[in-house]
2 protein chains.
Amino acid sequence: MEAYMIFRDIAIIIVAAKLLGILARKLNVPQVVGEIVAGLLIGPSVLGLVNQSDFLSYMGEIGVILLMFSAGLGTNLKDLKKTGITAFLIALVGVIVPLICGTLLYMVFYGFSAIGSHEFFKAVFIGTILTATSVSITVQTLSEMGKLKTTLGTTIVSAAIIDDVIGIIVLAIVVGIGTGGENTNISVVVIRNLLFFIISGIGGVILYKLFKRLDNRYHHTQRIPILGLALCMALSYCAERYFGVADITGAFVAGVILCNIRDAEYIESKLNINSYMLFGPIFFAGIGIKTNIQGISPTIILFSICFVIVALLAKVVGCGTVAKLTKHSLNDSLKVGVGMMTRGEVALIVAQKGLSVGLLESVYFTPVIILIITSSILTPILLKFLYKRETRAV
Amino acid sequence: MEAYMIFRDIAIIIVAAKLLGILARKLNVPQVVGEIVAGLLIGPSVLGLVNQSDFLSYMGEIGVILLMFSAGLGTNLKDLKKTGITAFLIALVGVIVPLICGTLLYMVFYGFSAIGSHEFFKAVFIGTILTATSVSITVQTLSEMGKLKTTLGTTIVSAAIIDDVIGIIVLAIVVGIGTGGENTNISVVVIRNLLFFIISGIGGVILYKLFKRLDNRYHHTQRIPILGLALCMALSYCAERYFGVADITGAFVAGVILCNIRDAEYIESKLNINSYMLFGPIFFAGIGIKTNIQGISPTIILFSICFVIVALLAKVVGCGTVAKLTKHSLNDSLKVGVGMMTRGEVALIVAQKGLSVGLLESVYFTPVIILIITSSILTPILLKFLYKRETRAV
């Protein structure tokens, strides 16, 4: 392929993604949905302007790594310690319930299969997609209502972050076991995962101290983001190459290692420019480009509807119950549940991982996209309703 | 290739490029030289950690486009009008003399060949590499001495910018004719080039007005750099695809179109982050990775020495003579000549273009790199000497 063909593809993708991203935001739908629709329009399904190429899919992979690194950088370990056990329990149950419900949903549709079989892990993967909360819509809504800095607001945000960490561990294990063939020794996978998290934990402390020293010496210089980016790339590589752990897990861990240095936000701001201008749009539009509209059958439509309902209820019930048990009022418990039910980029990234390791078919991107749209529209409406009802009750 | 191999390559490249870039700057050599040496070290010539791949070369191509776009954005059309005819003449002669001298040098070494033959254009290409001045070292030196804002300083900077524009036209024509085979109709190439510059001139005025309006409405928003990047990619593509003009010419023209909108600097700052963090290092390290040390023969070493001498003298004599003829003192004329003799990134980008269209062999990267190093070291020393001599004379 001539290099100039790449410039053509990139120009079309970034313009289309930006225009439809802006449109999406005007319609109160997350920007990524607009970018996916842009991909659908310019891809083979509709206009056929851009086809998926190796180059574009590698660029998209870099986009994913950058997004996960950024998610890791956004984790504030000190804040997490403060909110303590409640947020942890909400997150834990908020991962387990959707994981089980998603798995069961797939089995109800496509038949129950033996534990350990490939079909079984395909079912578990549907559950895995449902684990990660995307807190941005909730943060935005709470912030608009001036409720973000309340105890309840902090609990929701912390739970959503812990939920990301637990979700990434679940993903690592599911991918590790599910892709190893039917004779995978589960204990080997678990040990590898444990080893990865232990080694990156110990190495992380050393790297953190090293970066902290660098940061003090070269605060706000180009060096810090460049070395941060290199760490992100290196850990993504090592995770996958030496431990069989998903590369996105490595990127996320790299972000967590650096999240408490002074320049964490500076790194994030520099990388976000890379991410939002080029790699992000190429990843999300790429999902649209790969989506095959013809593959959408009545079964998939029915599955999508059930998938969305299960996804939303599993978080509301799971997280809400823990909130109620930890002495929140019914109304506050519902707020926690609704605040935790939104899904976003990470669900798509997990789905993409599933596609690349053979645990998910591309047709299941459709339910994930519908889930993101539905949850992003419903959460603000329900949260506002719950807060209003309370005011009236007082 | 697995995606995680890309992360490994990128991590190694950006760390090595940054470290050696910093070292180079400490040794008062341009940072790009450090990055090239980094590529040499990690590439097959020495350590063999990273091999050139399709993906890396596409990333490098994007790096080149971004650098040329950035060079275009740095052109201030209003300032150029002010310095007028003198700077234009200095630039014009400063392009023609090195072009002819470089061509003759190659012919002296490898034999004179018929005008229009492939060998002839290979000779002309060596001349073409010598056309573009890199003004950054001169600007830095003049600025350190407090002489940048003098009439002479402005003349040198303007001439260097005009020199880029003329050089890019020369490159467009040489590539157009030289790659069309021995039966190329020169008039067709010239008409295509004229058409490109006319159409992009007219289209440029319209695009400039459109961007100016967008800029007023969405000043300092993500939209402006994203659309600017898209314009750069689109023009690079159109230049090469529809006019047979080098993609880097399109990128440069895109930069010139946008150089006078209010957000020009903002676009540059956003793109520079992309460029300096990722694409730039991959391009320059890529040159090192591709450089084959074994290919360096005694002839090439001798050629390199002559190449550097011819390159430096051609600019000093060419530009200096025009300065003398336009009523500058001998000392001032020498300053103009010395100020115009530095070469930098653009020479490498032109060389890379020659390699990709088959007008240059990779072994000629070595003389270009040596030229960049030599001129960057000599220019500050000579300029300081010339200014000191003047002070003593007074």
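Residues numbered from 1 in each chain as written. Chains lettered and ligands numbered in written order. Predicted model: local features only at pLDDT ≥ 70, side-chain atom pairs only at ≥ 80, totals over all residues. Heavy atoms only, no water.

**Structural notes on the overall build of chain A**
Rules: Put simply, DSSP H or I for four residues or longer makes a helix, DSSP E for two residues or longer makes a strand, and each gets a number counted from the N terminus. Computation of the radius of gyration draws on C-alpha atoms alone. For the globule rule, the value is 2.2 Å times the number of residues to the power 0.38. To sort residues, take the accessible area from a 1.4 Å probe on protein chains only and compare it with the maximum for the residue type: under 20% means buried, over 50% means exposed, and anything in between is partly exposed. A contact between two residues is defined here by any heavy atoms of the two lying within 4.5 Å. The method behind every accessible area is Shrake-Rupley, applied with a 1.4 Å probe, and residues are considered shielded solely by the protein chains displayed.
For chain A, the helix and strand inventory stands at 15 helices and 0 strands. At 21 Å, chain A has a C-alpha radius of gyration in line with the 21 Å of a compact globule built from 394 residues. Along the three orthogonal principal directions, the C-alpha set of chain A runs to about 65 × 60 × 50 Å. Counting across all 394 residues of chain A, residues that qualify as buried make up 56%. Within chain A, contacts between residues separated by at least 24 positions form 79% of all contacts whose residues are at least 6 apart in sequence. Surface summary for chain A: the accessible area is close to 16100 Å², and the carbon and sulfur share equals 66%.

**Quick notes on the relation of the copies chain B and chain A**
For the record, the criterion: The superposition of copies rests on a least-squares fit of C-alpha positions from residues with pLDDT of 70 or more in both.
Each copy superposes on the other: chain B lies on chain A with an RMSD of 0.0 Å after a rotation of 180 degrees and an axial shift of 0.0 Å. Put plainly, the chains are arranged around a two-fold axis. In terms of C-alpha distance to the rotation axis, chain B has N274 of chain B as its closest residue, with the C-alpha 2.8 Å off the axis. Of all interface residues in chain B, 100% are interface residues in chain A too; the two copies therefore contact each other through one and the same surface.

**Details of unusual backbone geometry**
The phi angle at H220 of chain A is positive, at roughly 55 degrees, despite the residue not being glycine. Mapped onto the elements, H220 of chain A comes out in the loop between α8 (186-217) and α9 (223-243).

**Quick notes on the packing of helix α1 (residues 3-26) of chain B against helix α2 (residues 31-42) of chain B**
The angle between the axes and the distance between the axes are what describe a pair of packed helices. Residue and element names in this part refer to chain B. The cut-off we apply is this: To get an axis, fit a line to the C-alpha atoms, keeping to the stretch in contact for a helix; angles then go from 0 to 180 degrees between the N-to-C directions. Roughly parallel here means an angle under 35 degrees, roughly antiparallel means over 145, roughly perpendicular means 65 to 115, and every remaining angle is called oblique. By convention, the crossing between two helices is left-handed when the near helix turns anticlockwise from the far helix through less than a right angle, and right-handed when the turn is clockwise. Lys, Arg, Asp and Glu make up the charged group, whereas Ala, Val, Leu, Ile, Met, Phe, Trp, Tyr, Cys and Pro make up the nonpolar group; the residues left over, Gly among them, are polar.
The N-to-C vectors of α1 and α2 enclose an angle of 135 degrees; their axes lie 7 Å apart at closest approach. By the angle class used here, α1 and α2 are oblique. In terms of crossing hand, the pair formed by α1 and α2 is right-handed. Only Q31, G34, E35, V37, A38, L41 and I42 of α2 make contact with α1, whose side of the interface consists of I12, I13, A16, A17, K18, L20, G21, A24 and R25. Residue composition of the contact of α1 with α2, by class: 10 nonpolar, 3 polar and 3 charged.

**Focus on the packing of helix α7 (residues 151-178) of chain A against helix α10 (residues 247-258) of chain A**
Residue and element names in this part refer to chain A. At their nearest, the axes of α7 and α10 sit 10 Å apart, and the two run at 150 degrees to each other. Compared by their axis directions, α7 and α10 come out roughly antiparallel. In terms of crossing hand, the pair formed by α7 and α10 is left-handed. Every residue of α10 that contacts α7 at D164, V165, I168, L171 and A172 is listed here: I248, T249 and F252. Considering only residue class, the contact of α7 with α10 consists of 6 nonpolar, 1 polar and 1 charged.

**A word on the interface of chain B and chain A**
Quick reminder of the rule: Accessible area that two parts lose when put together, with a 1.4 Å probe and added across both, is what the buried area reports. Take a side-chain nitrogen of Lys or Arg and a carboxyl oxygen of Asp or Glu: if they are within 4 Å of each other, that pair is a salt bridge. N or O atoms closer than or at 3.5 Å make up a polar contact, with two conditions inside protein: a donor-capable atom paired with an acceptor-capable one, and, for residues adjacent in sequence, both atoms drawn from side chains.
At the interface, 42 residues of chain B touch 42 residues of chain A. Between chain B and chain A, a total of about 4100 Å² is buried, with carbon and sulfur atoms accounting for 80% of that surface. For the chain B face of the interface with chain A, the top three residues by lost area are F7, Y58 and M277 of chain B, together amounting to 18%. Viewed at the interface, chain A and chain B are joined by 0 salt bridges. Along the contact surface separating chain B from chain A lie 2 residue pairs in polar contact (both at pLDDT 80 or more). Looking at the side of chain B that touches chain A, the elements with two or more residues in it are α1, α3 (54-73), α9 (223-243) and α11 (264-290) of chain B. Looking at the side of chain B that touches chain A element by element, the count peaks at 13 residues for α1 of chain B. A breakdown of the residues in the side of chain B that touches chain A according to their chemical character gives 30 nonpolar, 3 polar and 9 charged.

**Details of a nonpolar patch on the surface**
Which entries qualify depends on this criterion: Note on patches: the residues involved have over 30% relative accessible area and no salt bridge, like charges join within 9 Å, and the nonpolar side chains Val, Leu, Ile, Met, Phe, Trp and Tyr join within 5 Å.
The grouping of V37, L41, V46, L47, L49 and I293 of chain A at the surface amounts to a nonpolar patch, some 460 Å² of accessible area in total. A relative accessible area of 36% places I293 of chain A in the partly exposed class.

**As for the environment of G176 of chain B**
The topology assignment puts G176 of chain B in helix α7 (residues 151-178). Considering only alpha carbons, one finds G176 of chain B and I156 of chain B, 20 residues apart in sequence, at a separation of 30 Å.

**Quick look at the packing of aromatic side chains**
What counts here: The aromatic pairing rule takes the rings of Phe, Tyr and Trp, using the six-membered ring of Trp, and pairs them if the centres are within 6.5 Å, calling planes under 30 degrees apart stacked, those over 60 edge-to-face and the rest tilted.
For the coordinates displayed, the defined rule picks out 32 aromatic pairs over all chains. Pairing Y4 of chain A with Y237 of chain B gives two aromatic rings, centres 5.9 Å apart and planes at 50 degrees, and the pair type is tilted. With Y4 of chain A in helix α1 (residues 3-26) and Y237 of chain B in helix α9, this residue pair bridges two chains. Per residue, the accessibility class of Y4 of chain A equals that of Y237 of chain B, and both read buried. Here the aromatic cluster, defined as three or more aromatic residues joined through ring pairs, consists of Y106, F109, Y110, F303, F307 and Y364 of chain A.

**What about the environment of L152 of chain A?**
All names here are of chain A. Within the secondary structure, L152 sits in helix α7. Taking the C-alpha atoms as reference, L152 lies 45 Å from D9; in sequence the two are 143 residues apart. With residues up to four places along the chain from it excluded, the contact list for L152 reads H328, D332, K335, V336 and Y387.

**As for the environment of A16 of chain B**
Residues and elements named next belong to chain B. Locating A16 in the fold gives a position in helix α1. When the C-alpha atoms of A16 and Y242 are compared, they prove to be 38 Å apart, with 226 residues separating the residues in sequence. Excluding residues that lie within four positions of it along the chain, A16 makes contacts with A38 and I42.

**Here we look at helix α2 (residues 31-42) of chain A**
We apply this condition: One fewer than the residue count of a helix, multiplied by 1.5 Å, yields its expected span.
Relative to the 16 Å expected for 12 residues at 1.5 Å per residue, α2 of chain A spans 17 Å between its end C-alpha atoms, a close match to the ideal helical length. Listing the buried residues of α2 of chain A in full gives V32, V33, G34, E35, I36, A38, G39 and I42 of chain A.

**Things to note about helix α10 (residues 247-258) of chain B**
Residues and elements named next belong to chain B. Taking 1.5 Å of rise per residue, 12 residues should cover 16 Å, and α10 covers 17 Å from first to last C-alpha, within 8% of that figure. Across the 12 residues of α10, 11 count as buried, placing the element largely inside the fold. Residues of α10 that are buried: D247, I248, T249, G250, A251, F252, V253, A254, G255, I257 and L258.

**With respect to the nonpolar core**
Our working rule: Within this scheme, the nonpolar core is defined by two criteria: the residues are buried Ala, Val, Leu, Ile, Met, Phe, Trp, Tyr or Cys, and they are joined through side-chain atoms within 4.5 Å.
Counting residues in each nonpolar core, the largest one holds 266 residues, and the members touching the most others are F55, I62 and L278 of chain A together with F55, M59, I62 and L278 of chain B. Non-local contacts of M59 of chain B, meaning those with residues more than four positions away in its chain, are made with F55, M59, I62 and F279 of chain A together with L278, F279 and I282 of chain B.

**Considerations on the confidence of the model for chain A**
All names here are of chain A. Applied cut-off: Confidence of the prediction at every residue is given by pLDDT, a number between 0 and 100.
Mean pLDDT over chain A stands at 90; residues scoring 70 or higher make up 98%. In the model of chain A, helix α6 (residues 136-144) stands out as the element of lowest mean pLDDT, 83, in contrast to helix α12 (residues 298-325), which has the highest, 96. Reported confidences for the modelled complex are a pTM of 0.88 and an ipTM of 0.88.

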